[in-house]
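Examination of the molecular architecture
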Amino acid sequence: MPEAGSGIASVGVIGAGQMGNGIAHVAALAGLPVVLVDVKPEALDKALTTIRKNMDRQVAKSTLQAPDKDAALARIQTGTEMAALSDCDIVIEAATEREETKLSIFKSACAVLKEGAILASNTSSIPITRLAAATDRPERFIGMHFMNPVPVMKLVEVIRGIATSDDTFVAVQALAERMGKTTAVAQDYPAFIVNRILVPMINEAVQSLQEGVGDIRSIDAAMKLGANHPMGPLELGDFIGLDTCLAIMRVLHEGMGDSKYRPSPLLVKYVEAGWLGRKTGRGFYDYTQDPPAPTR
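First, a word on what this report is: a plain description of the structure on this page. (Residues numbered from 1 in each chain as written. Predicted model: local features only at pLDDT ≥ 70, side-chain atom pairs only at ≥ 80, totals over all residues. Heavy atoms only, no water.)

Within the protein, the regular secondary structure consists of 11 helices and 10 strands. Taking 19 Å as the expected radius of gyration for a compact globule of 296 residues, we find that the protein reaches 19 Å, a close match to that expectation. Principal-axis analysis of the C-alpha atoms places the extent of the protein at approximately 60 × 45 × 35 Å. In the protein, of all internal contacts separated by at least 6 residues, the share reaching a separation of at least 24 is 65%. When the accessible area of the protein is evaluated, it comes to approximately 13,700 Å², of which 52% is carbon and sulfur surface. (Helix = DSSP H or I, 4+ residues; strand = E, 2+ residues; numbered from the N terminus. Rg over C-alpha atoms; globule rule 2.2 N^0.38 Å. Contact = heavy atoms within 4.5 Å. Areas by Shrake-Rupley, 256 points an atom, 1.4 Å probe, with all protein chains shown as cover.)

Moving on, we come to a positive patch on the surface. Among the surface-exposed residues, Lys46, Lys53, Arg57 and Lys61 lie close enough to one another that they form a single positively charged patch. Position of lysine 61 relative to the elements: it lies in the loop between α2 (41-60) and α3 (66-74). Overall, lysine 61 belongs to the exposed group, its relative accessible area being 59%. (Patch = residues over 30% accessible without salt bridge, like charges linked within 9 Å, V, L, I, M, F, W, Y side chains within 5 Å. Salt bridge = Lys/Arg side-chain N within 4 Å of Asp/Glu carboxyl O. Lys, Arg positive; Asp, Glu negative; His and termini not counted. Charge placed at Lys NZ, Arg CZ, Asp CG, Glu CD. Buried < 20%, exposed > 50% of the residue type's maximum accessible area, 1.4 Å probe, protein only.)

Helix length check: helix α6 (residues 166-178), at 13 residues, gives a terminal C-alpha distance of 18 Å against a target of 18 Å (1.5 Å per residue), a fit within 8%. Contact partners of the buried residues in α6: β1 (11-14), β4 (90-93), β5 (118-121), β6 (141-146), β7 (155-160) and β8 (182-186). Two residues or fewer past α6, glycine 180 is found with a positive phi of approximately 85°. (Expected span 1.5 Å × (residues − 1).)

By themselves, these are just geometric observations and shouldn't be taken as functional.
See below:
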């Protein structure tokens, strides 16, 4: 980062998947140069196609002007090497929700980042203090948890680790606001705010299904029509990814030591089967059919 308080002028994103391309999208629209890095060239190609398609949708809805779309796309550079991030003021890691993967990424990134650069993680559940301690810059490390889909969802959870400096916190708050987001400041407890509340609800829905309290359609209809949720909990679990839901439940169970966070055995079974939700074509619903049909 430049001098404290002078702001973030360039953004790096590690991971070109659903979250990473969304973060690159909103950063570029905010007028920031973006470097998007992924080890797989095909992932970068897919990400750029997705960003262009999503921006075209915004143009069609008149929420974005075509010249602004073209300017934003021109701000995005891609690369397969960490060295491409060497000039970025902040680098946001948006890799899979596995701690060992993230730690490996941070080790490689810290070797090339400039001294004052901020390192942020889009982790949805892993303790920020623990991740920060594995880097060379714990005072410039922070959690910046975007919601999916990033271009649509307005919230960013900002999570300080125990060593995170005030300058880092202020700079990241300002960056999120520049991206058009509202921030919720969460303390560094397992799963933070959103997933501490949301994922146990999904887990409870899975357990209710396992126990025969209701079938898939009934459970989802009950929460959509009875609690005014836009998606039912099982449908939402499929959207998030059942492997991600299970990973978050395991972080909660380990971090809190409370049996109420025990993952449902049925959730474990679906993940073991590779039925992870929309991204694999099958979870609690079968997405090879239109409309999707329950799988139990």
